[in-house]
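Observations on the model geometry
What follows is the residue order along each chain.
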Amino acid sequence: MTAAAPDSIESVLQSLIRDVPNFPKPGIVFKDITPLLEDTCGFRACIEALAERVAAHKPDALVAIESRGFIFGAPLALHLGLPLIVVRKPGKLPRATESVAYQLEYGEDRLEVHADAILPGKRYALIDDVLATGGTAEAVVSLITRLGGRMACAAFPLELGFLGGRARLAGTVAESLVVYG
């Protein structure tokens, strides 16, 4: 008798990511990751699967985007034994920073990284919770490369493929564990 095959990471994530209709506004179906975070086995499986995908690209460090990217970036950095660099909203980092502006649906926003955190020639893996339209990830990739860093990959537990964000990361390998649409 053989043991049953373990569930794929895609099916595990799909079972733990809850659809919330009409949030944050009517017509939107929000993908809620909190059930995944509440399930220690599922969250561990997610981090292990991300680690396998990211390690294949041989990064020198991880770069996590505020704030949900920190949730995945910190345990992933520990698992891989790599430094974690944080990208935050303006005014949140204590040392000299470099920043990048990017477009939102209605306006503009900025993100910052410590000026000495990205080292020329080093390889970086961008980590965030979801790849949606790709604007935030694209901005951080441009910031990393402007500071002389090289992109190893970008990695996300989930991707909303119907929003086309992957196209905005042209030239950067994007790894997603589960893709919706």
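None of these values were measured; they are calculated from a predicted model.

It is the contact of helix α1 (residues 9-16) with helix α3 (residues 40-55), at a shortest axis distance of 10 Å, that shows an interaxial angle of 140°. Relative to α3, α1 is oriented oblique. Of the two elements, α1 crosses α3, and the hand of that crossing is left-handed. Residue-level inspection shows Ile9, Glu10, Val12, Leu13 and Leu16 of α1 in contact with α3, the latter providing Gly42, Ala45, Cys46, Ala49 and Arg53. Taken together, the residues of the contact of α1 with α3 break down into seven nonpolar, one polar and two charged.

Over its 13 residues, helix α4 (residues 68-80) runs 19 Å from end to end, which matches the ideal 18 Å to within 8%, given 1.5 Å per residue. Turning to α4, its buried residues are Gly69, Phe72, Gly73, Leu76 and Ala77. Each buried residue of α4 sits inside an arc of 130° when the element is viewed along its axis, so together they form one side. Looking at the buried residues of α4, the elements they touch are α2 (34-38), α3, β3 (61-65), β4 (84-87), β7 (123-127) and β9 (150-160). In the stretch just after α4, Gly81 is the one whose phi turns positive, near 70°.

Definitions and limits used
Residues numbered from 1 in each chain as written. Predicted model: local features only at pLDDT ≥ 70, side-chain atom pairs only at ≥ 80, totals over all residues. Heavy atoms only, no water. Axes fitted to C-alpha atoms, helices over the stretch in contact; angles between N-to-C directions. Helix = DSSP H or I, 4+ residues; strand = E, 2+ residues; numbered from the N terminus. Parallel < 35°, antiparallel > 145°, perpendicular 65-115°, else oblique. Left-handed = near helix turned anticlockwise from the far one by under 90°. Contact = heavy atoms within 4.5 Å. Nonpolar A, V, L, I, M, F, W, Y, C, P; charged D, E, K, R; others polar. Expected span 1.5 Å × (residues − 1). Buried < 20%, exposed > 50% of the residue type's maximum accessible area, 1.4 Å probe, protein only. Arc of directions from axis to C-beta.

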